[in-house]
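Below are the chains, spelled out letter by letter.
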Amino acid sequence: MKFGVFYEHQLPRPWHEHSEQQLINDALDQIELADKLGIQYLWEVEHHFLEEYSHSSAPEVFLAAASQRTQRMRIGHGIVQTAAAYNHPARTAERIAMLDLVSNGRVEFGSGESSSEAELRGFGIDPAVKREAWLEGLEIAIRCMTETPFGGVDGIFTQMPPRNVVPKPVQKPHPPLWVACSRRDTILLAAEKGIGALSFAFIEPEDAKQWVDDYEAVLREKCIPVGLSVNPQVACVTPMMCSPNEEDAIARGLEGANFFGYSLAHFYVFGDHVPATTDVWEEFQQRRGKMGYSPEAALANRQQTLGAQVASGDAKGLRGATGTPEQLREFLRRYESAGVDQLIFVMQAGRNRHEHIMESIELFGTQVLPEFVERDEAASVAKAAKWEPIVEAAFARRTTDHPSMPPGYVMRAIPKQMVDAMDSEPAQQWLEALADKQAAGVRDEEFQRLVDG
């Protein structure tokens, strides 16, 4: 099993003029340390308008910065919102490819659809067709990365003529594909499409085993790959805060972990939100005993064995990998035994402090990670061998009917179109003369006016 770190860039109110800048710089420091200690993956979300919960609207910029602060770590979009109203598929392909180039082939391409009112309606997306929009955007982006030239598309949400989309990614045929999953049905959808499942549900290790088994069964029997390669992996997320002392770990990490869950539900389930006004952190503080989970209650109800959730009376809250290195080792082994390919840590949450996150990364990297790395190499080889015939059978079921570039298709510059429409010999001669001047480096005022619009 491998490990990753996950960023929403949470920023509870109140914040000041430089809070976002400090948040991003702290995250880059954390990622650089994680890379040095051997944590294998970084995941960054794309969200819009979800103030306090996620200030991460341009993940490609942050990930490009992270790629220059790291050497080995895989750089994961977790996720790109691929519906065309969010991101035109050609732009998605261009950004993924450029990030793959600047990171020297370390990109993971996760995609998703979102289900928040803030994002869907903010970009004019009908919730009833968001899955279709996600899938079409993903399919077109993959084609843009792999076709030379892209043959064009006349889709439901995207219409685009033939173009050669450049640059192309380092990884061939394209970076590994993932999709965000929060329920069992999306796990199964990932398997049907041959995509890695990024499970953002905080589930117990024993429940994860059933999800892994279901994923493998569907991929084995029904998979028709959406891409030109299959990424048969299941990843799970869990809160993490590590300290030599359990009480310190709980005091440092539990409130942030539960604000993560509360603020997510605020935007996705039960919240009324006035932009730039509603104080989600204050609401959480008032209601955490009922809908979140307080560190004080957790300290009073400590459990011998860690779980994804911990109960106090009728209330449940997130705990996950919050504890000592030894507690983490025992907890994480259970995910490993369940067959989970990657466990992703949520540390930057709520008001969790930078220095505590750095200490947690250091403790995990030096005292917990080595035993898993030692087992992972052989396990990865065995998994690859197991998946090889399954993937081969999946591609045998795959057929494509993508359009190719029409015979005789030419992309003409706009002035050339105008001259052709005029059917004027002097105008054609002027264009020819202009081409000769440009080849010779001679400045032409008329050409400059055309370029300037």
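Look up: the structure comes first, before these words.
Since the structure is predicted, the reported quantities are computational estimates derived from the model, not experimental observations. Throughout, residues of each chain are indexed from 1 in the direction in which the sequence is written. Totals for whole chains, interfaces and linings use all residues, but because this is a predicted model, local features are given only for residues with pLDDT of at least 70 and pairs of side-chain atoms are given and counted only at 80 or more. As a rule here, side-chain values cover all heavy atoms of the structure and leave hydrogens and water aside.

(A) Seen up close, the packing of aromatic side chains. Between 30 and 60 degrees the pair is tilted, below 30 it is stacked and above 60 it is edge-to-face, where a pair is any two Phe, Tyr or Trp rings, Trp via its six-membered ring, whose centres lie within 6.5 Å. Applying the stated criterion across every chain yields a total of 19 aromatic pairs. Taking the centre distance of 6.4 Å and the plane angle of 45° together, the rings of Y7 and F62 count as tilted. With Y7 in strand 1 (residues 2-7) and F62 in helix 2 (residues 59-67), this pair connects stretches of sequence that are 55 residues apart. Assigned by exposure class, Y7 and F62 land together as buried. Starting at the N terminus, helices and strands are each numbered in turn, a helix being any DSSP run of H or I of at least four residues and a strand any DSSP run of E of at least two. Here's how the labels work: a residue is buried when its accessible area is under 20% of the maximum for its type, exposed when over 50%, partly exposed in between, all with a 1.4 Å probe on protein chains only.

(B) Representation of helix 11 (residues 325-338) in the model. Here the expected span of a helix is defined as 1.5 Å times the quantity of residues minus one. Spanning 14 residues, helix 11 covers 20 Å between terminal C-alpha atoms, matching the ideal 20 Å at 1.5 Å per step. Within helix 11, burial applies to P325, Q327, L328, R329, F331, L332, R334, Y335 and A338. Downstream of helix 11 by one or two residues, G339 has phi in the positive range, about 90°.

(C) The environment of R13, seen in detail. Here R13 shows up in the loop between strand 1 and helix 1 (19-37). Placed 138 residues apart in sequence, R13 and G151 show a C-alpha to C-alpha distance of 48 Å. At 2.9 Å, the side chain of R13 and the backbone oxygen of T278 are in polar contact. Identification of polar contacts relies on pairs of N or O atoms within 3.5 Å, with a donor-acceptor requirement for protein atoms, meaning one able to donate a hydrogen and the other able to accept it, and with residues adjacent in sequence counted only if both atoms are side-chain atoms.

(D) Up close: the nonpolar core. Core analysis: the largest hydrophobic core is formed by 84 residues, its most contacted members being F3, L42, Y215, L332, Y335, F345 and F364. Ranked by the residues each element gives to this core, the list is headed by helix 12 (residues 354-396), at 11 residues. Any two residues having at least one pair of non-hydrogen atoms within 4.5 Å are treated as being in contact. Residues contacting L42, with those up to four places away along its chain left out, are V5, Y7, I31, L63, A66, M73, R74, I75 and G76. Membership of the second largest hydrophobic core comes to 19 residues, among which are W43, V45, A235 and A257. Nonpolar core, defined: a set of buried Ala, Val, Leu, Ile, Met, Phe, Trp, Tyr and Cys residues in which side-chain atoms within 4.5 Å join the residues together.

(E) Expanded view of a nonpolar patch on the surface. Like-charged residues are merged into a patch within 9 Å and nonpolar side chains (Val, Leu, Ile, Met, Phe, Trp, Tyr) within 5 Å, provided each residue has over 30% relative accessible area and no salt bridge. Methods summary: accessible areas were calculated by the Shrake-Rupley approach with a probe of 1.4 Å, and residue burial reflects only the protein chains presented. Salt bridges are defined by distance alone: a side-chain nitrogen of Lys or Arg within 4 Å of a carboxyl oxygen of Asp or Glu. Nonpolar side chains collect at one region of the surface, where M98, L101, V102 and V170 lie side by side and expose about 300 Å² of accessible area between them. Structurally, L101 is set in helix 3 (residues 89-102). L101 sits in the partly exposed class, given a relative accessible area of 34%.

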